[in-house]
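Breakdown of the fold
So the chains spell out like this:
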Amino acid sequence: FHTAVKLASNGYEVPPPINGNQEAELQVMQLASDLFRRFAEQSRLLTGHLNPPDRRIQDFLNDALSSTGVNVELPADGEVINVDHYGMARKLSLPDDPSVTEFHNSEVDSYGLCNGVLHNPFNDRRTTKGVFHIADYGLPIPADKIRVPLITYAKLLEASLKPPDDLNLLPYTSKWNTPVESMVSLMLRPLACPEVPGVSPEKRLEIRFFVPGGCVANLDFVESIFGNAGDPTLPENDAGLDTRHWTGTSGCVILAPRKYTIDSCMLSNIDACIFPYFNKI
C-alpha cells in the first residue's frame, strides 16, 4: 500500500486496491487526495529543481562537459520516482495484481517466489574485462582499461537519461489501465571508513542510482547489499550538512541497457577500431 501512496504522491493515477484491506486503503487514498494534488502542484512549481546530492553531481557534469557542447541534465525531483524506503524497489519490480507473479521485458525476467523474488537479467557479466571504458578526463587511465573521448561519454550520458518508453514501463503498474512510465532513483550511503572510537567517526560517501522503470529490479539488488539512505530531498539525508560523517565524495550510476551506433557516439573510424567492444553500457 505504501508503494501505491508513493506513486499517488508523485501525481500518478492509482486504481482502487485489489488486495489487502480494500475499504480502509481506499478511504486513506480519498482522504489524502487533496494532499497529493497539493504536492503535485508544488512539484510542478519546482520544475528543474535538483535535490542536494543531484545538484553536486550536476555541477560536476556542467564543469567536466563544458568543452563538449553537450548539455546533460539529471532528471529533476518531480521527473523521477525516488525509492526512499527499503523494500520499495522489490514491490515495484513485480505487478500490483496478486494473481500475477512474473514480469518480463527485454532486459530482465522477474519472478515472485514464496521466499522472496528472483531477478534474471538478460546480461549478467561477472567481469569488466574488455568492456570497462573510462572517459578521457581527469586522472590518468590505467593501461588495462579502454579510453573513450569525452564527447562520446557526453553523448552516451545524454542518451542514457532518455530511455525508450517500453523500457521505462514500471512493472508494478504494468496491469493498470494507465501504466506508469518513469525513471527510478535510489540514494546510497555506503560505509567508507569505520569509526575508530576516540579517534575518528565513521565516514560514508553518497551515491545516486538512476535506472529505467523497467529495470527497477537492479535497485532491489543494490539496496539489498548497501541499504537505502532515504529521501535525498530531506535535509537530514543531505551529506553536505553532515561533513563530520561524509567523505566529501559523490558518485552517480546510470543504468543504460541499450545499443548505440558509432555515429551517435561521435566516434571516428580510428576510435571504432580501437574500441571494438564499445556498443553497450
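This write-up is about the structure you can find in this document. This structure is a prediction, so every number in the text was calculated from the model and none was measured.

Cut-off values and rules
Residues numbered from 1 in each chain as written. Predicted model: local features only at pLDDT ≥ 70, side-chain atom pairs only at ≥ 80, totals over all residues. Heavy atoms only, no water. Pairing = 2+ DSSP bridges. Helix = DSSP H or I, 4+ residues; strand = E, 2+ residues; numbered from the N terminus. Axes fitted to C-alpha atoms, helices over the stretch in contact; angles between N-to-C directions. Buried < 20%, exposed > 50% of the residue type's maximum accessible area, 1.4 Å probe, protein only. Salt bridge = Lys/Arg side-chain N within 4 Å of Asp/Glu carboxyl O. Core = buried A, V, L, I, M, F, W, Y, C linked by side-chain atoms within 4.5 Å. Contact = heavy atoms within 4.5 Å. Polar contact = N/O pair within 3.5 Å; in protein donor to acceptor, adjacent residues only side chain to side chain. Phe/Tyr/Trp six-rings, centres within 6.5 Å; stacked < 30°, edge-to-face > 60°.

1. Re the sheet that holds strand 3 (residues 108-113)
Here three strands make up an open sheet; going across it, the order is 2-3-4 and the pairing antiparallel. Only two strands of the sheet have a single partner each, and these edge strands are strand 2 (102-104) and strand 4 (116-121). Each neighbouring strand pair of the sheet contributes to a mean axis angle of 10°, computed without reference to strand direction. Bridge analysis of strand 3 against strand 4 gives six bridges, and the strand direction is antiparallel. Among the inter-strand pairings, Leu113 is bridged to a residue of strand 4, identified as Gly116.

2. Describing the pairing of strand 7 (residues 183-188)
Burial of strand 7 is extensive: six of the six residues sit out of reach of the surface. Covered by surrounding structure in strand 7 are Met183, Ser185 and Met187 together with Val184, Leu186 and Leu188, the residues of both alternating faces. Where strand 1 (residues 80-82) and strand 7 come together, three bridges link them in parallel fashion. Bridge assignment links Ile81 to a residue of strand 7, and that residue is Val184. Across six bridges, strand 7 lies against strand 9 (residues 203-212) in antiparallel orientation. Its bridge partner lying in strand 9, Met183 is registered against Pro212.

3. Considerations on the pairing of strand 9
With respect to burial, strand 9 is a largely interior element, seven of its 10 residues being buried. When strand 8 (residues 191-193) meets strand 9, the two strands line up antiparallel, connected through two bridges. Within the sheet, the bridge partner assigned to Cys193 lies in strand 9 and is Lys203. Relative to strand 10 (residues 246-254), strand 9 runs parallel, the two sharing six bridges. Opposite Arg208, over in strand 10, you have Cys252 as the bridge partner.

4. A look at the pattern of salt bridges
Pairing between side chains becomes possible if they bear opposite charge and their charged atoms approach one another. Counting across every chain of the model gives eight salt bridges. The salt bridge involving Asp59 is made with Arg55; its shortest N-O contact spans 3.2 Å. Residue Asp59 and its partner Arg55 are both found in helix 4 (residues 52-64); the two are separated by four residues, about one turn of the helix. Among the residues examined, Arg55 registers a relative accessible area of 34% and is labelled partly exposed. The partner of Arg147 in a salt bridge is Asp136, and the shortest N-O contact between them spans 3.6 Å. Highlighted residues: Arg147 in strand 6 (residues 146-148) and Asp136 in the loop between strand 5 (133-135) and strand 6, separated in sequence by 11 residues. Residues participating in the shared-partner salt-bridge network are Arg56, Glu206 and Asp238.

5. A few points about the nonpolar core
Residues Val83, Leu92, Leu170, Val184, Phe209 and Leu219 are the most contacted members of the largest nonpolar core, which totals 22 residues. The set of elements that each furnish at least two residues to this core consists of helix 1 (2-9), helix 5 (88-92), strand 7, strand 9 and helix 8 (217-226). Excluding residues that lie within four positions of it along the chain, Leu219 makes contacts with Val83, Ala89, Val184, Ser185, Leu186, Phe209 and Val211. Grouped together as the second largest cluster of nonpolar side chains are 16 residues, Leu61, Leu74, Val80 and Phe210 included.

6. Details of the side chain of His119
Tracing the backbone through its elements, the reader meets His119 in strand 4. For His119, a relative accessible area of 19% corresponds to the buried category. One polar contact links His119 to Asp220, side chain to side chain, over a distance of 2.9 Å. Beyond its immediate chain neighbours, meaning those up to four positions away, His119 contacts Ser93, Val108, Asp109, Ser110, Ala217 and Asp220.

7. Let's talk about the packing of aromatic side chains
With the rule as written, the count across this model stands at two aromatic pairs. Judged by centre distance (6.1 Å) and plane angle (75°), the ring pair of Phe60 and Tyr137 falls under edge-to-face. Within this pair, whereas Phe60 is found in helix 4, its partner Tyr137 is found in the loop between strand 5 and strand 6, the two being separated by 77 residues in sequence.

8. Regarding helix 8
Listed as buried for helix 8 are Ala217, Leu219, Asp220, Val222 and Glu223. Buried residues along helix 8 sit against helix 5, strand 3, strand 4, strand 7 and strand 9.

9. Some points on helix 1
Among the eight residues in helix 1, six count as buried, and that is most of the element. What helix 1 keeps buried is the set Thr3, Ala4, Lys6, Leu7, Ala8 and Ser9. Looking one or two residues past helix 1, Gly11 carries a phi angle of roughly 95°, positive in sign.

10. Thoughts on the environment of Ala239
Inspection of the secondary structure puts Ala239 in the loop between helix 8 and strand 10. On a C-alpha basis, the gap between Ala239 and Pro52 in space is 8.5 Å, while along the polypeptide they are 187 residues apart. Leaving out residues up to four positions away in the same chain, Ala239 has contacts with Arg56, Arg189, Glu206 and Trp246.

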